[in-house]
Amino acid sequence: MPRTARDVVFVDGVRTPFGKAGPKGLYAETRADDLVVRAIRELMRRNPSLPPERVDEVAIAATTQTGDQGLTIGRSAAVLAGLPKSVPGYAIDRMCAGAMTAVTTTGAGISFGSYDVVIAGGVEHMGRHPMGEGVDPNPRFLADRLVDPSALVMGSTAENLHDRFPGITKERADAYAVRSQQKVAAAYAAGKIQPDLVPTAIRSVEKGYGLATADEPPRPGTTLEDLAKLKTPFRPHGNVTAGNAAGLNDGATACLLAAEDVARELGLAPKMRLVDFSFAGVEPEVMGVGPVPATEKLLARNSLTMDDIGLIEINEAFAVQVLAFLEHFKIADDDARVNPWGGAIALGHPLASSGVRLMNQLARLFEERTDVRYGLTTMCVGMGMGGTVLWENVNWEGAK
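Residues numbered from 1 in each chain as written. Predicted model: local features only at pLDDT ≥ 70, side-chain atom pairs only at ≥ 80, totals over all residues. Heavy atoms only, no water.

(A) Structural detail: the overall build of the protein. Per the secondary structure count, the protein includes 12 helices and 12 strands. In terms of C-alpha radius of gyration, the protein reaches 20 Å, essentially the compact-globule figure of 21 Å for 400 residues. Along the first, second and third principal axes, the C-alpha set of the protein runs to 60 × 55 × 50 Å. Residue pairs in contact within the protein that sit at least 24 positions apart in sequence constitute 79% of those at least 6 positions apart. Charged side chains in the protein number 41 positive and 48 negative. The centres of these two groups are separated by 3 Å. (Helix = DSSP H or I, 4+ residues; strand = E, 2+ residues; numbered from the N terminus. Rg over C-alpha atoms; globule rule 2.2 N^0.38 Å. Contact = heavy atoms within 4.5 Å. Lys, Arg positive; Asp, Glu negative; His and termini not counted. Charge placed at Lys NZ, Arg CZ, Asp CG, Glu CD.)

(B) Broad picture of the nonpolar core. If you look at the biggest cluster of nonpolar residues, it comprises 84 residues, and the most contacted ones within it are Ile40, Val58, Ile119, Val123, Met359 and Trp391. Examining the composition of this core, we find that eight residues originate from one element, helix α1 (residues 32-46), more than from any other. Apart from residues lying up to four places away in sequence, Val123 is in contact with Ala32, Leu35, Val36, Ile60, Ala61, Ala62, Gln69, Ile73, Gly251, Ala252, Ala352 and Ser353. Tyr176, Val178, Met306 and Leu390 belong to the second largest nonpolar core, which has 41 residues in total. (Core = buried A, V, L, I, M, F, W, Y, C linked by side-chain atoms within 4.5 Å. Buried < 20%, exposed > 50% of the residue type's maximum accessible area, 1.4 Å probe, protein only.)

(C) Structural context of the environment of Arg369. Mapped onto the secondary structure, Arg369 falls in the loop between α12 (354-368) and β11 (374-381). For the pair Arg369 and Leu311, spaced 58 residues apart in the sequence, the C-alpha separation amounts to 9.2 Å. Beyond its immediate sequence surroundings of up to four residues, Arg369 is in contact with Leu311 and Asn393. A polar side-chain atom of Arg369 sits 2.9 Å from a polar atom in the side chain of Asp371. (Polar contact = N/O pair within 3.5 Å; in protein donor to acceptor, adjacent residues only side chain to side chain.)

(D) Representation of the UniProt feature "domain: Thiolase C-terminal" (unreviewed entry) in the protein within the structure. Taken from the UniProt record, the annotation "domain: Thiolase C-terminal" (unreviewed entry) applies to residues 270-390. Note that residues 270-390 is 33% helix and 25% strand, and that its end C-alpha atoms are spaced 15 Å apart. (UniProt positions renumbered as here; feature names shortened; annotations may be inferred.)

(E) Focus on the pairing of strand β4 (residues 89-92). In terms of strand pairing, strand β3 (residues 57-61) meets β4 through four bridges, oriented parallel. If you follow Val58 over to β4, its bridge partner there is Gly89. Between the parallel elements β3 and β4, the chain passes through helix α2 (residues 73-80) in a crossover that is right-handed. (Pairing = 2+ DSSP bridges. Right-handed = clockwise from strand over helix to strand, strands pointing away.)

(F) Up close: the UniProt feature "domain: Thiolase N-terminal" (unreviewed entry) in the protein. The feature "domain: Thiolase N-terminal" (unreviewed entry), as given by UniProt, occupies residues 8-261 in the numbering adopted here. Helix makes up 31% of residues 8-261 and strand 19%. Its end C-alpha atoms lie 9 Å apart.

(G) Layout of the pattern of salt bridges. Under the definition given, this model contains 26 salt bridges. Linking Lys170 and Asp174 is a salt bridge whose minimum nitrogen-to-oxygen distance equals 2.8 Å. One end of the pair, Lys170, and the other, Asp174, are both in helix α6 (residues 170-189), four residues apart, so they sit about a helical turn from each other. Of the residues examined, Asp174 reaches a relative accessible area of 3% and is grouped as buried. Taking the shortest distance from any N to any O, the salt bridge between Arg273 and Glu392 comes out at 3.1 Å. Residue Arg273 is found in strand β9 (residues 272-281), and its partner Glu392 is found in strand β12 (residues 385-393); the two are separated by 119 residues along the sequence. Classification of Arg273 by relative accessible area gives buried; the value is 17%. In this structure Glu392 comes out as buried when scored by relative accessible area, which is 13%. Because the salt bridges share partners, they merge into one network encompassing Glu260, Arg264, Arg273, Arg373 and Glu392. (Salt bridge = Lys/Arg side-chain N within 4 Å of Asp/Glu carboxyl O.)

As structure tokens, this is what we get:
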């Protein structure tokens, strides 16, 4: 029989606090799989009306799928989280857009009718597994000149993007980074970030056991003068610094998606509706421009313009990458629609987990902004890609 596409909703999302990667970071002695298990368990605890056996799939992303981020982590995390053995799971990798792809792939399955309820998310422990660990790039990438050597170094691709957009100066990138820090500090002070955070047990050789309850990376009080002093490690006298880019981070995210009719049947309260998504490829040397064609495809397919979009959650891998997106769509650097509570430059970017963090924040913003109908979550992706997801506010006042 012909199948009719079903509406897919984002029910809830959580994440661990994000930590700094390295021997002194929050999660230096914590396993990656334990981070995502903590997120899954909290997701189930917060939604007690959902019978665990009704979860049809667990899709978890990791960029470096080895060690405690390996072993088909979606399935292993499901078992470790105490879900019934009948619940399957799998691992997924689209580098930075891993969790985003976990959501779009399983969301498409819900729309098609293959699933009713899924858990999707991501984890990255960059302290245990640095980006590129164990990777063996085919020598033909360079020998056949398929890509420039800079394509394999994310910071170098950001410098290339500065070349492509000469109007985006280091000073402009630094100013954007300072605003990100300020917005995160203001959001924390107002209690906006904390509801999504899962208190997570940690331990260290020096201090013993503890509890992570807040993000470690933010640097409140950062000034332009502070950022001007930082080195440019990817190019002498360059533009990209540790201050205008996301750091190396550890953390996990998880969210609950469902068919809208099933969510209401189970007493689950949807926060936003999945409208459409798009991924696009670009030159790997300027991977940061990826969100532009992905968004253009998405808006055109849905007969929308950027004027129809009331909120934009864009991942801040590098300030220049965000600014290139804004410049292309003729959006001001300080447009109130863009990352109202700050972004990855302050909060951190544990690669494959970040897509769901964007969705969590957009869902919370939708709850406050019932005047906004549509919002975007968008991000650039290593090796030259971009991904964008279009969401509709289920509480949009115009629908009443």
